[in-house]
Amino acid sequence: MAKIKANNFLDIVDEVFTDATKHGVIHLYADGESLSGRTIGINNKSLFHFGTTGYLGLEQDERLKRAAVEAILRYGTQFPLSKTYVSHPLYQNLEDKMTEIYGNPVVITKNSTLGHIGVIPSVVSDSDAIILDHQVHWSVQNAAKVLKTRSVPIEMIRHNNLNMLEDKIKALSSKHEKIWYMADGLYSMFGDAAPVKELLELSNKYPQLHLYFDDVHGMSWAGKHGSGYVMQELGDLPEHVFVFGTLSKTFGASGAVMTCSNKKMHSKIKTFGGPLTFSAQLEPASVAAAIASAEIHLSEEIYTLQGELQQRIRLFNDLLLETDLPLVEVNNSPVFYIGTGMPITGYNFVNRLIKDGFFVNLGLFPAVPVKNTGVRITISRHNRPEEIKALTEAMEYHFPKALEATHTTSNKVFSAFNLNKRKDDSIGVKTSQGLMLEYAESISELDRTVWDELFGNQGVFDYKGLEFLEETFCNADNPESHWKFYYFIIRDQLNKPVLASYFTYGLWKEDMLAPESVSREIEKLRVNNPLYMTSYVLSMGSLFTEGDHLFLDTSHPLWINALHLLFNELDILDRILKPSMIVLRDFKKDEVLNEFFHNHGFFKVSMPESAYISDFKWKGVEQFYKNLSSRSKRHFKKDVLPFQSYFNVEVLTQISLEQRDEFNALFQQVRRNNLGLNTFDYPLSLIDNMSAHPNWEFIVLNLKKEHAKANHDICVGVMFCYKNVANTYVPAFIGMDYTYVKDFQVYRQLLYQTIKRAGEIGMSHIDFGMTAAFEKKKLGAQICPKVAYMQAKDNFSMELLEMMGNKK
């Protein structure tokens, strides 16, 4: 396998959102001439609204609406002046009331996103460090990334993992003055909460630890005066804790609010807080509505509203517990999450509920991992008990139908969320919808002729190639080189193959696909911890092979059923092996497969272009040169042909132990100089097995002694080549001495000698694989773009590497 191109995180998000929009579950427009909060109009249909974040329903309170209208009439639609100069007349009143709610000074901001951008760079000094919960809101992560330009280290931990957090604190404490842990108070998808009290205990143990909470979803429905979930858990606000609340969402107005008890820090933020200084201030209508809401919060009425909401939350919890629906988190928050697993199941379920009269939200990547797609339901005071009961009945009715329609099961959904349910983990020969699946864990269990008819022209995974790979990697002692193999052939009733593939299960470096600069930083940490940021992956094909690892007869009427059957087996392997990721790889761009894979929880990533020469016939150097393009001819005459005389070229089928070590050293030089695809080293037995295998040979480039300025020729390059059953020549990987690479065009010479050798022994196809496609194209190779599809258990590694990749 070769280096995968750097993929833009936002491109993946764009593809996910585009697909969700096409299925009619996001980017919708509400219709109607008025809104009540209880219902919402979508596509000229009135739906019961179970998607609001106005949990207390204050956005429809007449007092807030009247206050907003009166403010516009008195002060205008806006106050177009920076707060640094003058705040409009209502601001002081709002600040006083919010200070009373929190019992500490506050800073009012236009919204929480701008607030974080203003506050975080102000409170975090250059001598500090930041640790992010990997599920903390995007606005917090985005604001923290700004500090990379000031060389502030930013680490990330898995969600609510206090052991991992403590390890990070220990590692950072000797080098940094303060360590800031940033998290949400209440998380907006699953409705789970930060372990506030435990974090406070940890900060008492480590005085350097400062806590920064985004509690916009915990606001109003919890806490004294509706000050929020975090304040409810804290009681008094310590000086080392900062809390962000909201004036929108359930507060009913617009804007955000930050509070802290550290008066010196509060003054610093308020005096100059970036966008807090330069951005427009809240409109008079928003401030007036917030004042009206604050007055409710400061009265006993807030506890009545909180109690009414809790009655509805308890009712929904009780109703859900009587069902078999996969409720991901049971708590007393107004946020509920029913897992669907695959996006396509989520689309189907949401659309069924909409058709039945209920509006709910779909939880999508990147807010949740792709395979943790689900329906987010929010309960508000607008929802009446009979409507909550009707929604529960509708979900109980439509959920199994959505599963059936999208070829999945409740077992798979429960497994995706690690919820308890009986699992059927049997794997092996079985039939389904006129298809029969054959499963094996060694190529020796399969028919050689059948396999080679399907994959004989594909790289190093014809029958003999897989025998070689199993011998090398199934018997390795070290965990990073030990692989398991899984084979699938799906046939119709006439025994005709419809689908076939093989998968390997092994340890991958989590930064394998990351930018080279990121891998270099991580490799420094692996000096003392070789398995740092590594995890097990179930991958189509293997890290050693490239090519079309999936045989799929799309002309067969049952090909989609065959894919469903394969995915069912992968789900079972997923439950048994528990890999961190499943990878499907080396596909040409295909919109039908792209949609199928995405709907089943895989996101697409770009791979390097693949290079190959097909229908190849070698008729000598002159004919080869004649067939090149004009540009390639100039390249050949300038950078290839003149250097041929500098080398003695030999082809070896068997090598000595001394040569093995020499070739391995050259290969290691290539690995060290190309961390763009950062994999584990192969076992030394790999080269031994090549030497003993009749299908492998070594093209060796020896620089003549007069050019090497030595008393003997020097080996400066080697190409490790495989000859498969269908006359395909595969230069699998390369070793080079970087002392001579540039001056003597070693890489280009090895490419040419590979082509020449393949032609001389009658090979009709050369599979160059990926990377350096431009160099290969200059020697006559054709280019084919490739993509892969990945399904991760969580977004942690992706978000961590994305954050590291953005380092300035």
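Reference entry: report on the structure contained in this document. (Residues numbered from 1 in each chain as written. Predicted model: local features only at pLDDT ≥ 70, side-chain atom pairs only at ≥ 80, totals over all residues. Heavy atoms only, no water.)

A word on the environment of K205
Along the chain, K205 falls in helix α7 (residues 196-205). A relative accessible area of 54% means that K205 is categorised as exposed. Sequence separation between K205 and E166 is 39 residues, and the spatial gap between their C-alpha atoms is 10.0 Å. Reaching out from K205, the side chain makes a polar contact with the side chain of E166 at a distance of 2.7 Å. (Helix = DSSP H or I, 4+ residues; strand = E, 2+ residues; numbered from the N terminus. Buried < 20%, exposed > 50% of the residue type's maximum accessible area, 1.4 Å probe, protein only. Polar contact = N/O pair within 3.5 Å; in protein donor to acceptor, adjacent residues only side chain to side chain.)

Some details on the packing of aromatic side chains
Evaluation of the coordinates by the stated rule reveals 56 aromatic pairs. With 5.2 Å between their ring centres and 45° between their planes, F468 and W696 make a pair best called tilted. In this pair, F468 sits in helix α17 (residues 463-473) while W696 sits in strand β24 (residues 696-703), placing the two residues 228 residues apart along the sequence. No difference in accessibility class separates F468 from W696, as the two residues are buried. Seen from their ring centres, Y682 and F733 are 5.9 Å apart, and the 40° between their planes marks the pair as tilted. Residue Y682 is found in the loop between α23 (657-673) and α24 (685-692), and its partner F733 is found in strand β26 (residues 728-736); the two are separated by 51 residues along the sequence. Of the two residues, Y682 and F733, neither departs from the other in class, the shared state being buried. (Phe/Tyr/Trp six-rings, centres within 6.5 Å; stacked < 30°, edge-to-face > 60°.)

Things to note about the sheet that holds strand β11 (residues 335-341)
Spatial strand order, β11-β14-β13: 3 strands in an open sheet with antiparallel pairing. Only two strands of the sheet have a single partner each, and these edge strands are β11 and β13 (361-363). Shown here is a sheet whose adjacent strand axes are inclined to one another by a mean of 30°, direction ignored. As defined by bridge partners, β11 adjoins strand β14 (residues 373-378) across 6 bridges and the pair is classed as antiparallel. Residue pairing in the sheet places Y337 in a bridge with R376 of β14. Along the sheet, helix α12 (residues 301-321) contacts β11 and β14; its crossing angle with β11, the most-contacted strand, is approximately 30°. (Pairing = 2+ DSSP bridges. Axes fitted to C-alpha atoms, helices over the stretch in contact; angles between N-to-C directions. Contact = heavy atoms within 4.5 Å.)

Focus: the pattern of salt bridges
All chains considered together, the criterion is met by 38 salt bridges. Taking the shortest distance from any N to any O, the salt bridge between E308 and R381 comes out at 2.8 Å. With E308 in helix α12 and R381 in the loop between β14 and α14 (385-405), this residue pair connects regions lying 73 residues apart in the sequence. A salt bridge links K778 to E775; its shortest N-O distance comes to 3.4 Å. (Salt bridge = Lys/Arg side-chain N within 4 Å of Asp/Glu carboxyl O.)

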